[in-house]
Amino acid sequence: MKTTSLLICFVLFAFGIQAQNIKLPTNTDVKKAEQSATTEVGKTTSQANIGNLIGQLTNGISDNAFTDSFKKNKTAFVSKVNNVSDAAGASSALQTLQGGLLPTAMDAGWGKVKDKWVKDAKTANTVKTVAGVAGTLESNISGKYFKGSWATARPAWEAALSALAK
């Protein structure tokens, strides 16, 4: 019993000495950390451009999912949509993208949500709403119509889309 009590006291004493050696951040350290965090948030926000995300989605979809007409104009579409940053332009781009997809490219659940999706896409007036519409479209495209690289790109795409949807 004495040995156990002595051991516990020794351990507590040792931790007490370690606790005294902790360096607290200075005001300068805190300000630097705040500035760094603000810069990182700014980078994330600027990289999460709704048009760019629609372009990434378009490039992640196999050409087998598109109509012949859309395939011919896909490069120009992506180039144009990458510069879109407003809700109206992004909503229009999503409607064009959806219109360029073959009906067979959509999964079985699309029929249940298509009418609401079309209505939401036409009335979207905020980037937040457009981000939700984009997520719904992506989640209703049959998995077999995505390029293999989309599986790797999708988590970052979803995170950026989620940031815009807040």
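Computed from a predicted model, the values in this text were never measured in an experiment. (Residues numbered from 1 in each chain as written. Predicted model: local features only at pLDDT ≥ 70, side-chain atom pairs only at ≥ 80, totals over all residues. Heavy atoms only, no water.)

### Re the overall build of the protein chain
Next, step 1: Across its full length, the protein chain carries eight helices and zero strands.
Next, step 2: Sequence-ordered secondary structure for the protein chain, helices as α and strands as β, is α-α-α-α-α-α-α-α.
Next, step 3: Buried residues in the protein chain amount to 31% of all 166 residues.
Next, step 4: Sequence separation of at least 24 residues holds for 76% of the intrachain contacts in the protein chain that already meet a minimum separation of 6.
Next, step 5: Accessible area for the protein chain stands at about 10,700 Å²; split by element, carbon and sulfur atoms hold 58% of it. (Helix = DSSP H or I, 4+ residues; strand = E, 2+ residues; numbered from the N terminus. Buried < 20%, exposed > 50% of the residue type's maximum accessible area, 1.4 Å probe, protein only. Contact = heavy atoms within 4.5 Å. Areas by Shrake-Rupley, 256 points an atom, 1.4 Å probe, with all protein chains shown as cover.)

### Points about the packing of aromatic side chains
Next, step 1: With the rule as written, the count across this model stands at five aromatic pairs.
Next, step 2: An aromatic cluster of at least three residues, connected via ring pairs, comprises Phe-66, Phe-70 and Phe-77. (Phe/Tyr/Trp six-rings, centres within 6.5 Å; stacked < 30°, edge-to-face > 60°.)

### Quick notes on the side chain of Glu-138
Next, step 1: Within the fold, Glu-138 resides in helix α7 (residues 127–139).
Next, step 2: Of note is the side chain of Glu-138, whose polar atom sits 3.0 Å from the side chain of Trp-150.
Next, step 3: Setting aside residues no more than four positions away along its own chain, Glu-138 makes contact with Leu-57, Phe-146, Trp-150, Arg-154 and Trp-157. (Polar contact = N/O pair within 3.5 Å; in protein donor to acceptor, adjacent residues only side chain to side chain.)

### Details of helix α4 (residues 68–81)
Next, step 1: Taking 1.5 Å per residue as the helical rise, α4 with its 14 residues ought to reach 20 Å, and the 19 Å between its terminal C-alpha atoms agrees with that figure.
Next, step 2: Close packing links the buried residues of α4 with α3 (50–60) and α5 (87–99). (Expected span 1.5 Å × (residues − 1).)

### Observations concerning the confidence of the model for the protein chain
Next, step 1: Looking at the protein chain as a whole, its pLDDT mean stands at 82, while 71% of the residues score no less than 70.
Next, step 2: Contacts from residues 17–24, a stretch scored under 50 in pLDDT, to residues over four places away or in other chains number zero contacts.
Next, step 3: Below a pLDDT of 50 lies the segment residues 36–47, which in the model reaches zero contacts outside its immediate sequence neighbourhood of four places, other chains included. (pLDDT = per-residue confidence, 0-100.)

### Some points on helix α8 (residues 150–164)
Next, step 1: Helix length check: α8 (15 residues) gives 20 Å between terminal C-alpha atoms against 21 Å at 1.5 Å per residue, within 8%.
Next, step 2: Listed in full, the buried residues belonging to α8 are Trp-150, Trp-157, Ala-160, Leu-161 and Leu-164.

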